[in-house]
Every structure is written in structure tokens, then in C-alpha cells.
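# Per-entry structural report
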Amino acid sequence: MLSDSILSELRAAVPGGLITAASELQTYECDGLTNFRTMPGAVALPRSAEQVQSVVRICARHGIPFVGRGSGTGLSGGALPAEDSVVISFPRMNRILSLDIPNQRVVVEPGVINLHVTDAVAPYGYFYAPDPSSQSVCTIGGNVAENSGGAHCLKYGFTTTHVLGMEVVLPGGELVHFGAAVPDAPGYDLAGVFVGSEGTLGVATRLTLRIVKRPETVQVLLAAFDSIRAAGQTVSDIIAEGMLPAALEIMDRLSAKAAEAAVHANYPVCEALLLVELDGPAAEVAAQIAKTTALCGKNGAWEVRRAQTAEERALVWKGRKAAFAAVGRISPNYIVQDGVIPRTALPDVLEEITRMADAVNLRIANVFHAGDGNLHPLVLYDKAVPGQEEIALDLSYRILHVCVDRGGSITGEHGVGREKQEAMGYMFAEPDLATMQRVRVAFDPRNICNPDKVFPRTKLCGEKTGPYTPHPLEEKGVAEFF
Amino acid sequence: MSGATSRFEELAGVVGVDIVSERDSRLITLPRNTEEVAAVLRYADANGLGVQVVGAGTKRGWAGAVRGEVTLEMRGLAGVCEHSWQDLTATLRAGTTWAEMQRVLAEHRQMVALDPLWADRATVGGVIATNDSGALRLRYGSLRDLVIGMTIVLADGTIARSGGKVVKNVAGYDLHKLMIGAFGTLAVVTEVTFRLHGIPRSTRVWSFEAAHAGACGEVLMKVLDSQLSVQAMQLRASAAGFALDVEIASINELIWEQWNLLNSYVGGAGVSPDDVFGARQRLFAGDGVVVKVTMLPSAIARFSAEVARMRGEAVTQASGIMIARVADASAVQRLRDLAAAEDVGSVTVLRGADGLGVLPSAGDAAVVMREIKRRFDAKGILNPGVAVGG
């Protein structure tokens, strides 16, 4: 419990913007990773950078942990509060402050919804490129913390490519500026380090974003294959041809079936469904469509279909983006994993994952950003069957080991947060993590800014790090997806 | 026996006599791998010796004078470790020259999509340390967008890796981004993994000359707002006049369609000059002060006109980075005043009247930068004399 005197200090810092009632605090006890829950001591809803500074200064003075929070859609527990901490939430800092269309810059507050940036610049023929599946509800501040991707980051890059500068309240309360609206701001690239630091280095209060000209033409192809291997080979062939599609996605039979049932996207029934989005000047896209169609045929696609209208394209994407949630229709419970492998390892790794699942009698639905090797295996299980959840969790984490062993990563876009702290010890050696810690303590010597995230917990306790071990089962459940 | 001689013997004893030599009472080291770099740094750190890290030396002096009793020559760490061409990634040792790297990658029609200065000699590590970039940045981004993993050695000899060999990866802090533009003051980069791009099948440069900077600036802004398949664009300025160079990269039929569209922007016919994107590098050949000025695209014409008025010469990438050669310090001040009036952007002297550059202050962020420097290099042994961020 935060003391009354601290609460009154906080109340004065954010007039009319402090939540302390237990019933209201409950909203903030978790993010999209709902199996981890901790009640914060208070939630501050600042209206300005000055108010954020005041709140952070109070926390710094009293050694109270704090965590910034957007819409709470994160999938790794990045916004999970520490016990008796202060959550700084941004619904009242949701203004788009300026548009500079000729220079392709937009300045926003952190509480602005991702999609609202695109809405604001669409009349001028522009869009904001990073498009996580949650883009209609997630905030730019949260995207910056997680370095969010999305289906189109294959061509357009991640949040880090599109955030040029930021105003940040440091964990000590100082207001500083990283990056700039122009390239190559003087000094170390702190903007580059801050984006994707999962809220552990400070709280952003203002962001300068880059917007992108909307392509002249967008085309979507659907291709049906008899095997994941054939679809994966097609992806490699497309890339080897020198093409850079806006998106390259694969859904296996199980996930495509679930998505079809959910949104009636009219997907062909097949073992592997490849979705290719090509954009750019019309003549260029037409040439690429022809090439892609030929490559699909060469690899045995028995149906290649082009979405004919904008509505059809939207429906194809709706099915893809709904795939996670739709899996709930075919399984009582499921775990979403987020691992990355080199693209060429795709067919082998998927076969290995299938073998691993078969060995423990579980099913896995696969949805993935095939273009960049980002897998989202959905481990299906039934909580009601004693012991099955434990087996599912174990399988899900062993999949991460396979990714790392293949030269990949434990997370492509969901972040480490609380969920994958221990897996960091599998991917990185002790000196790597210790060097990252040097950066963290340079920003946050008191260890109050979203503490106990990203880094393995064992290390923080002074114990030796080692191969990853799964979390205790009783704490685990199923994440919800947006 | 002088102090330096005993140090030579000491260091040779630690890292092996074949990678250490002595020249003008300086210790010259030529490590061949990451572990040898670590051994040299451990020795220097333990003895409080300053270490000057050197690639090909093409940009020496950009960040001022570097002190140091030990020279760490990186050219011994050369070569491609791995080119996973089907994954569009490659890992290289930091002492590899940029041109050699591109030659190897081109065997599979691939490249690191960045066009730095003096590519024939500049090393991968040096390009990273100085965060150099050329006109290709417009389409492909800067090193921050192209480097996906790194091996670094800290001053105390700690070997650390960050990122990895996959493009999409959000595990841990991006230490490699911290190294880009750090002028070797935080750690020594020994290996780098890049994401690659395919070399465009066909490209063509369209150039347009004008007596006024505004005419070029107007077309530049129009191209930025267009659907054209442009991969590079720059505005050249001199007392003799102005030119805009636009490089189209697309399929053959489209190149001519877009060429004609560009002609329609100016109501005339563009030309296709040779090696026009080498103009930036040629600025360094003459006398005078060379500066880097950053600005918004809409300010490019204004800055270009001012440089020309002062009888200087400039090449400005459409992304907003100008390299200008001007006569003296008063011209530099004039550009600083102009940047201040724009309220955004900075002026960096790369080569002053004394041949040395000066890095600008990072303002309120400098306090964090100093703290990071302290945590990474407590004794300040890496490139002493260079203050990144002020």
C-alpha cells in the first residue's frame, strides 16, 4: 500500500487524475498477458509532460517503482505493474500536435492510437507504416516501448524506423530529447536504444513520427499449397528474385480453417495458405504479380487467386488478423508463441515443431510472417485435462529453444517483458546481458522504471543464470489477443 | 629501457609479439580476431593507456584529435564470416573494406544498401563509427535500419553480442544502435551483421540544372510527394548554379515512363550525367572547411542558396543531410545561424581550418550520454579526446 502522504503528493501532481480505488485499479493489474496480475498502488493519468515529471519525481524520491502504460494490449507483460507501484497511463495525452505533410513528419503525444495517425494523414495520401494487429486500439507510446512490427514491416520496417525523435522523462524526472525531426541528431543514438526498451529507460511524452506515401497500387495474392515446405520455398524464391513484397504470410490448415470459420474470408482449404501483398507503382506491381504467380505454380500451388477489390483484400487481411482469436473456436485454450528463425530454416523448423507436438499429443496451429521468419505457433490444449497445460507450456518454450538454436530470436515483436525474462538467458550470454544492464543503470540507477522486466530474474537475485526453465504452471494461463 | 619499451614487452607478452609493434614510442597493435582485441583492451584498461581505434583512417579527424598511447589497427580483422544470401543477411569482420564487402555480396546480386564516402578504402567499422550514409538513405534508411547484430568489445575486455542474424528481433536492448555514430568511444566493433537488399535490376539518373536553388527545391519536394520509384536524390549547389539528381530504380519500362514524368515536372528534358553521386566525396578534395548540416527537406533549397551565395559548394541528400565546403569559420557561423532560425538541425564541422572537426552538443541528452560513456569505459581509454554528445 502506498502511504496516504505519498498518495496526496501524487494527487497534487495530477489534479483530478489519480486512481486509487481497488475496484478501478483492477483494470490495470495486467496487460494482454493476463496470466500475470499484480495490483498497482495507484494509477496516474497525466495531462502533460510536466505532470509526468512530477509523478516520476515523487516515485524517484520515495523509491517507488512506476510503469508507463498505453492501451494494455502488450502480449509479454511489459505493462504489468510491480507491487504497490504507480502506473502512468496516457488517455489524457492523446493529441496529434502537428502535421508537416511536405516533410512527412507528425508530432504526437504517447496516448494517440496507432490507427489515428494514419486517419489524420490519409487525406494527404500518407499512412503511418507500423501496423500491429492491435493497431485500432494500441497507442504510439506502447508501440515505441515494444518496437512494434506488424504484417507490413517486412517492407516498411518496425517502429524504430518510423520514430525520429522523442521527448522523454528520465527515471530521475529530468526531461530530455532524443533524436530529432532531422537525421543524425548529435551524440549517441539514444532514440535507437529507447525504442524497444520496453519501458525500462524512461517514459516518452512526445514523439516525432515519419509518415509514408501511400503506394499507388496494392494487390493481394492467395496461393494454396499441399505442404508448408512448398509454401516456404515459394517465399524464399520470391525474396531471391529480388522482390520485397509489403507482406508475406503463411497460415497452416488449422489456423486458416479457424480464421475462415470466424470471418468467412473465403480461403481455399489447403495445407498451407500463402498470402502475398505487393504494392508500388501499378506497372511494377503487375510485373511482380506475374512473377509471383509463376513461382507459386513452380512450387506446386494448385490455386492462385488475386483479391479483386479493396473489399476482398480487406477481408483476406481480416481473416489473417483474426487468426489468433479464431483459434479459440477450435480449442478451449491456447498459447501464442512469438519466435524468429532465418527464413530459409522455415520448412525444417516447422516439421520439427510438428514432431515435437506429435510427441506430446498436442496440436499446433501455425500463423506466421513468413517473409521475415517470424513464427506464431499456437499451442492448443485443454485446461480441463489434468497436466495438459503444463505440457503445452513446456512445448511452447521448447519451441523458443529451437528458434535460438537455429540462429533466431525468442521474440520478433511481442517483447520480452515478464513472459520471456528467463528465455533471455538462453539467447544471450552473461556478458551480453551485463552490458545491456550497463545501459539500463545509466538511465535508471535506482531501478524503479518498470523494474524486473526484460532481464532474467535469477540474475537480478544474484543467482547464476542458466538454461531457461519454464515458469511454475500455477501462475500460467492464456493470453488474450486483440 | 624506456617506459614504452617495457610496455611493448609487457603487451607482447600478453597478446603475442606478432601483433604488436612500436613506432615513435607508440604501441601499434594489429589484432586478428575479437579475442585479441579484448586482450589488447584489457591490457590498456588495466594500465590506463589511451587506445586510438583505426580503420582505414579515411575520416580521421572528424571528431577532433584523438590521443592515446596504443593504436588498435582494425584492418587485420577482415573478411566475410557468413553470407546467408537466401536469408538476405551477412556477417562481416569490422576491418573489411566497404567495397570488398559489396563485391562479395554482389556475387548474389545483393548489397548493403548504403553508399558511404571512400567506399574503396573505408572499413565497415569506420563507416559504423561515423554513421556515414549517402543518397541511398532516402529509400533504404541509415545504418540503424541495416545493422541487425554486432559483436563488440568493451574497454575492460568484455565481449558482448546484441541483436542477431534475423531482421525481426526485439529481444534485449539494441546495443548495436548505440555503437552507430559513437566514434569508437563506447566499445570496439569487431563483427557486424547486416540485412541485405537485392541490387536493383535497372537504374537511371535524371538530372536537372537551374540557376536558382528554389527551382530544384520545388522539384525535390514534388518527387518526395510522388509515387516515383526513386532510390536516391540530391541537390548540388555552387556559385555556378544548382542541380537536382534523381536516381530511379525500377523495371525497364517504368524507368522511361518515370523519366518522362520527371521531365514534365520541369517542362524540359533531364540529362543523365556520369558519377554524379560521387559529388559529395569530391567536396573533400578541395581546401576549406567541410561541414555536415542537417535539415528538413523543405529547408534544403534555402541552405543550398546560402552556401552558393557564400561561394561555397554543397551536396545535400533529400533525407536532409548536407555536406558543404565553405571558406572559413564565419561561413560556418552563418550556417549555424540559419539552422538556429529553422529551429531544428545541427552543424558539425568535419574538417576545420586546422584540419580537425568538432562534434556538436546533444543538448539535454548529453547527461545520459556521459553516464553511458562512464558505464562502458570508466577510465576513458577509448579514443580519448573525442566527446560524443558534448
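Here's a quick rundown of the structure. (Residues numbered from 1 in each chain as written. Chains lettered and ligands numbered in written order. Predicted model: local features only at pLDDT ≥ 70, side-chain atom pairs only at ≥ 80, totals over all residues. Heavy atoms only, no water.)

What follows is about the overall build of chain B. A count of helices and strands for chain B gives 13 helices and 18 strands. Against the globule reference of 21 Å for 390 residues, chain B gives a C-alpha radius of gyration of 22 Å, in line with a compact fold. Counting only C-alpha atoms, chain B reaches 75 × 50 × 35 Å along its principal axes. Within chain B, counting contacts between residues at least 6 apart in sequence, those at least 24 apart form 68% of the total. Split by element, the accessible area of chain B, about 14400 Å² in all, is 49% carbon and sulfur. Here chain B contributes 40 positively and 41 negatively charged side chains, and the mean placements of these two sets differ by 1 Å. (Helix = DSSP H or I, 4+ residues; strand = E, 2+ residues; numbered from the N terminus. Rg over C-alpha atoms; globule rule 2.2 N^0.38 Å. Contact = heavy atoms within 4.5 Å. Areas by Shrake-Rupley, 256 points an atom, 1.4 Å probe, with all protein chains shown as cover. Lys, Arg positive; Asp, Glu negative; His and termini not counted. Charge placed at Lys NZ, Arg CZ, Asp CG, Glu CD.)

On to the interface of chain B and chain A, then. At the junction of the two partners, chain B supplies 72 residues and chain A supplies 81 residues. Interface area for chain B against chain A, summed over the two sides, is near 6100 Å², with a carbon-plus-sulfur share of 59%. Summed over the shared surface of chain B and chain A, the result is six salt bridges. Note that Lys 292 of chain B and Asp 184 of chain A form a salt bridge whose closest N and O atoms lie 2.7 Å from each other. Joining chain B to chain A, the criterion identifies 27 residue pairs in polar contact (both at pLDDT 80 or more). The set of elements that each furnish at least two residues to the side of chain B that touches chain A consists of α6 (143–146), β9 (159–163), α7 (175–179), α8 (213–224), β14 (241–250), α9 (252–266), β15 (289–294) and α13 (366–376) of chain B. (Buried area = accessible area lost by both parts, 1.4 Å probe. Salt bridge = Lys/Arg side-chain N within 4 Å of Asp/Glu carboxyl O. Polar contact = N/O pair within 3.5 Å; in protein donor to acceptor, adjacent residues only side chain to side chain.)

Quick look at the sheet that holds strand β9 (residues 175–179) of chain A now. Backbone-to-backbone hydrogen bonds join strands into a sheet, with any given pair of strands oriented parallel or antiparallel. Residues and elements named next belong to chain A. Taken in spatial order, the five strands of this open sheet run β5-β6-β10-β8-β9, and their pairing is antiparallel. Of all the strands in the sheet, just β5 (96–100) and β9 have a single pairing partner and so form its edges. Strand after strand, the sheet turns through a mean of 15 degrees between neighbouring axes, direction not considered. Pairing geometry for strand β8 (residues 163–169) and β9, over five bridges, is antiparallel. (Pairing = 2+ DSSP bridges. Axes fitted to C-alpha atoms, helices over the stretch in contact; angles between N-to-C directions.)

This part is about the packing of helix α17 (residues 430–443) of chain A against α13 of chain B. Contact geometry of α17 of chain A with α13 of chain B gives a least axis separation of 9 Å together with a crossing angle of 145 degrees. Considering how the two elements wind past one another, α17 of chain A and α13 of chain B form a crossing that is right-handed. In this structure, α17 of chain A uses Thr 435, Arg 438, Val 439, Val 441, Ala 442 and Phe 443 of chain A to contact α13 of chain B, whose residues at the interface are Val 368, Glu 371, Ile 372, Arg 375 and Phe 376 of chain B. Its residues assigned to classes, the contact of α17 of chain A with α13 of chain B shows seven nonpolar, one polar and three charged. (Left-handed = near helix turned anticlockwise from the far one by under 90°. Nonpolar A, V, L, I, M, F, W, Y, C, P; charged D, E, K, R; others polar.)

Core analysis: the biggest nonpolar cluster contains 165 residues, and Phe 178 and Leu 190 of chain A together with Leu 178 and Phe 194 of chain B have the highest contact counts within it. With nine residues, the single largest contributor to this core is helix α15 (residues 388–405) of chain A. When near neighbours in sequence (up to four residues on either side) are disregarded, Leu 190 of chain A contacts Phe 178 and Phe 443 of chain A together with Leu 178, Ala 365, Val 368, Met 369 and Ile 372 of chain B. Judged by nonpolar contacts, the second largest core, of 45 residues, contains Ala 213, Val 289, Phe 303 and Leu 338 of chain B. (Core = buried A, V, L, I, M, F, W, Y, C linked by side-chain atoms within 4.5 Å. Buried < 20%, exposed > 50% of the residue type's maximum accessible area, 1.4 Å probe, protein only.)

Residues and elements named next belong to chain A. A cluster of nonpolar side chains, namely Ile 96, Leu 99 and Tyr 124, defines an oily patch on the protein surface of about 250 Å² accessible area. Considering the arrangement of structural elements, one finds Tyr 124 in the loop between α4 (114–121) and β7 (126–127). Residue Tyr 124 is classed as partly exposed on the basis of its relative accessible area, which comes to 44%. (Patch = residues over 30% accessible without salt bridge, like charges linked within 9 Å, V, L, I, M, F, W, Y side chains within 5 Å.)

When two helices pack together, you describe them by how their axes are tilted relative to each other and by the distance separating the axes. Residue and element names in this part refer to chain B. As a packed pair, α8 and helix α11 (residues 300–309) sit with axes 8 Å apart at the nearest point and diverge in direction by 155 degrees. What the angle tells us is that α8 and α11 run roughly antiparallel. Here α8 runs over α11; the crossing is right-handed. Contacts between α8 and α11 involve Ala 213, Gly 214, Gly 217 and Leu 220 from the first element and Ile 300, Ala 301, Ser 304 and Ala 305 from the second. Its residues assigned to classes, the contact of α8 with α11 comprises five nonpolar, three polar and no charged. (Parallel < 35°, antiparallel > 145°, perpendicular 65-115°, else oblique.)

Below, the discussion takes up the pattern of salt bridges. Scanning all chains against the criterion turns up 40 salt bridges over all chains. One salt bridge in this structure joins Arg 32 of chain B and Asp 18 of chain B, with 3.1 Å as the shortest N-O distance. Highlighted residues: Arg 32 of chain B in the loop between β2 (26–29) and α2 (34–47) and Asp 18 of chain B in the loop between α1 (3–15) and β1 (20–23), separated in sequence by 14 residues. The exposed category is assigned to Asp 18 of chain B, whose relative accessible area is 55%. For Asp 377 of chain B, the salt bridge goes to Lys 373 of chain B, with nearest N and O atoms at 2.7 Å. In this structure, Asp 377 of chain B and Lys 373 of chain B share a single accessibility class: buried. One network of salt bridges, in which partners are shared, links Asp 184 of chain A together with Arg 137 and Lys 292 of chain B.

Residues and elements named next belong to chain B. The sheet built from five strands is open, its strands ordered β5-β6-β10-β8-β9 with antiparallel pairing. Bordering the open sheet on either side are β5 (80–84) and β9, each of which pairs with just one other strand. Ignoring strand direction, the axes of neighbouring strands in this sheet form an average angle of 15 degrees. Bridging between β5 and strand β6 (residues 89–93) involves four bridges; their strand directions are antiparallel. When the bridges of β6 are listed, His 83 appears paired with Ala 90.

For the rest of this paragraph, the subject is the side chain of Arg 351 of chain B. Residues and elements named next belong to chain B. Looking at where Arg 351 falls in the secondary structure, it is placed in strand β18 (residues 347–351). From its side chain, Arg 351 meets the backbone oxygen of Gly 286 in a polar contact 2.7 Å long. For Arg 351, the residues in contact, after removing those within four places along its chain, are Phe 284, Gly 286, Asp 287, Gly 288, Val 289, Val 290, Arg 325, Leu 356 and Gly 357.

Here we come to the pairing of β18 of chain B. Residues and elements named next belong to chain B. For β18, the buried fraction is high: five of the five residues fall into the buried class. Bridging between β15 and β18 involves four bridges; their strand directions are antiparallel. Bridge assignment links Lys 292 to a residue of β18, and that residue is Thr 348.

Residue and element names in this part refer to chain B. Of note, Arg 109 is a non-glycine position whose phi angle comes to about 55 degrees, a positive value. Within the secondary structure layout, Arg 109 lies in the loop between α3 (98–106) and β7 (110–111). By relative accessible area, Arg 109 is classed as partly exposed at 36%. Phi at Phe 183 is positive, roughly 50 degrees, even though this residue is not glycine. Relative to the helices and strands, Phe 183 is located in the loop between α7 and β10 (187–195). Owing to a relative accessible area of 15%, Phe 183 belongs among the buried residues under this scheme.

Here we take up the packing of aromatic side chains. Tallying each qualifying case throughout the model produces nine aromatic pairs over all chains. Note on Trp 62 of chain B and Phe 284 of chain B: the rings are 6.0 Å apart at their centroids and 15 degrees apart in plane angle, and the pair reads as stacked. Placement of Trp 62 of chain B in the loop between β3 (51–54) and β4 (70–73) and of Phe 284 of chain B in the loop between α10 (279–282) and β15 is noted, with a sequence separation of 222 residues between them. When its relative accessible area of 10% is taken as the criterion, Phe 284 of chain B is described as buried. Each ring, one from Trp 118 of chain B and one from Phe 284 of chain B, has its centre 4.9 Å from the other, and the planes form 70 degrees; the classification is edge-to-face. Of this pair, Trp 118 of chain B sits in the loop between β7 and α4 (124–130) while Phe 284 of chain B is found in the loop between α10 and β15, placing the two residues 166 residues apart along the sequence. In this structure, Trp 118 of chain B and Phe 284 of chain B share a single accessibility class: buried. Of the aromatic side chains, those joined through ring pairs into one cluster are Phe 178, Phe 194 and Phe 443 of chain A. (Phe/Tyr/Trp six-rings, centres within 6.5 Å; stacked < 30°, edge-to-face > 60°.)

Function cannot be inferred from these measures alone, as they are strictly geometric.
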